[in-house]
Each structure stands twice: as C-alpha cells, then as structure tokens.
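What follows is each chain in one-letter form.
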Amino acid sequence: MKLFNSFALSFLISSCLSAEEDYCLASPRERAQVFITEQFKLQNFNNPMHLAYILATAEHETANFTSMKEIGGERKKYAPWYGRGYPQLTHKANYEKYTRFLGVDLMTNPDLMLREDVSARVIVHGMMYGWFTGVNLTHFINPNRCDFVAARITVNARDRAEKIAGVARRWAKWFGNREKPSPDF
C-alpha cells in the first residue's frame, strides 16, 4: 500500500520546509506523518508495523503532536539536554551521539531537534537501530512476532507501554493491517 503519492509528498515537504510554520499547509500531525514516513523510506525500511509503532511513539512523546519540547524541561536535572523532537531525545550522551551521526551540532544548539526533518531522522534511526536503549524495534516486530507492548523497550522501558501499543494498533489499522507481520507497503 502506498501512503502518499510522490508529487503530494514532495509538495507537502517543500511547503513545510520553505514556509514559516504558521503557513505550512498541513497540521502538525500530518507533517509528522509525512516527515517520519519519508525518513522511514529514506533509511530503507518498509514494514508498516514498524512505521505504525514509530508514529505511535512520536504521537505519545509529543502529546498528540502538540509539543516538540518536554514540558518543564529547562528545569530538569539533565537540562539543557531535555526532551525534544518526536522521540523527546534526552541526556547529553544522546545529543553527542546524534551530533556525530547527523553532522548537526545538537550540543551547541539542542533546539535543532525541534526541526521536523532532524527529529524524524533521529526517531527512525534510534528505534530501528536501537540507539536509544540498545534494543532495536525489529526484536519485537518481525516476521514471527508483533509485540507492540514490549516494543516500548526500544525507547523508554515499559513507560505507558499499553497506551502506546493501542495507538500503534490504531495506526496499523489505518494502514490496513492488524498487528500481523506484513510485506512492503
């Protein structure tokens, strides 16, 4: 199943990157879906169940795509490296890792994680390669298994695992799948 036609996707991304955020032609939810889906494809992933779980994580971490910054983050003991972006990237070590990996100086300017293109790249990479917790998403979602509850370990232990699993099931249903391993979309 194709989620977007390439012309519409290119148009939406270019309108969001070239315009002030107030003038972007899509809602924060639509932009998140576009940027995360595009990064998912650019990083050569294709299992819609992985994408469903990544989108569910982003939806949860950003309070239904309404906040790209951790509430009260400036007062956290790990500030200035508090949660930002779709994955709510936290802690100095993670900002250092992604500064090296992306070639974007998140150490000097951690607010670069608020950029949708940067944030989408980080959430897809971090979850698929296990850079957040040392456990990757394919451990829980693969041809033999689809465990949206246990998949939470890829980001943050079991914090709100059942809730996020429910959101992932909704995304999977929207994609036309029902929590079963699936071929390319």
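## So, helix α3 (residues 48-61)
Point 1. For α3, which comprises 14 residues, the first-to-last C-alpha distance of 20 Å matches the rise-based estimate of 20 Å (1.5 Å per residue) to within 8%.
Point 2. Of all 14 residues that make up α3, 14 are buried, and the element is covered over most of its length.
Point 3. Directly after α3, the chain includes A63, whose backbone phi takes a positive value near 50°.

## Here's the deal with the side chain of T154
Point 1. Tracing the chain through its elements places T154 in helix α6 (residues 153-156).
Point 2. The class of T154 is buried, set by a relative accessible area of 0%.
Point 3. At 2.8 Å, the side chain of T154 and the backbone oxygen of A151 are in polar contact.
Point 4. Contacts of T154, omitting those with residues within four sequence positions, involve Y53, M127, F132, T133, V135, N136, L137 and F140.

## Some words on unusual backbone geometry
Point 1. With omega at 10°, the peptide bond leading from A79 into P80 counts as cis.
Point 2. Phi angles above zero are rare outside glycine, and Q88 is one such case at about 55°.
Point 3. Tracing the backbone shows Q88 in the loop between α3 and α4 (92-102).
Point 4. By relative accessible area, which is 9% here, Q88 ends up buried.
Point 5. Phi at H91 is positive, roughly 75°, even though this residue is not glycine.
Point 6. For H91, a relative accessible area of 38% puts it in the partly exposed group.

## Observations regarding the nonpolar core
Point 1. Membership of the largest hydrophobic core comes to 47 residues, with the highest contact counts inside it found for I36, Y53, I54 and F148.
Point 2. For this core, the secondary-structure elements that each account for two or more residues are α2 (28-42), α3, α4, α5 (116-129) and α7 (161-175).

## Structural notes on the layout of surface pockets
Point 1. One number sums up the size of the largest pocket: a volume of about 440 Å³.
Point 2. Looking at the largest pocket, it is lined by 19 residues, and the ones nearest its centre are E61, P87, Q88, R152 and N156.
Point 3. For the lining of the largest pocket, the secondary-structure elements that each account for two or more residues are α3, α6 and α7.
Point 4. At 3 residues, α3 tops the list of elements feeding residues into the lining of the largest pocket.

What counts and how
Residues numbered from 1 in each chain as written. Predicted model: local features only at pLDDT ≥ 70, side-chain atom pairs only at ≥ 80, totals over all residues. Heavy atoms only, no water. Helix = DSSP H or I, 4+ residues; strand = E, 2+ residues; numbered from the N terminus. Expected span 1.5 Å × (residues − 1). Buried < 20%, exposed > 50% of the residue type's maximum accessible area, 1.4 Å probe, protein only. Polar contact = N/O pair within 3.5 Å; in protein donor to acceptor, adjacent residues only side chain to side chain. Contact = heavy atoms within 4.5 Å. Core = buried A, V, L, I, M, F, W, Y, C linked by side-chain atoms within 4.5 Å. 1 Å grid on protein atoms, 1.4 Å probe; cavity = no way out; pocket = protein on both sides within 12 Å on 5 of 7 lines; lining within 4 Å. Points joined across faces, edges and corners; volume = space filled by probe spheres on them.

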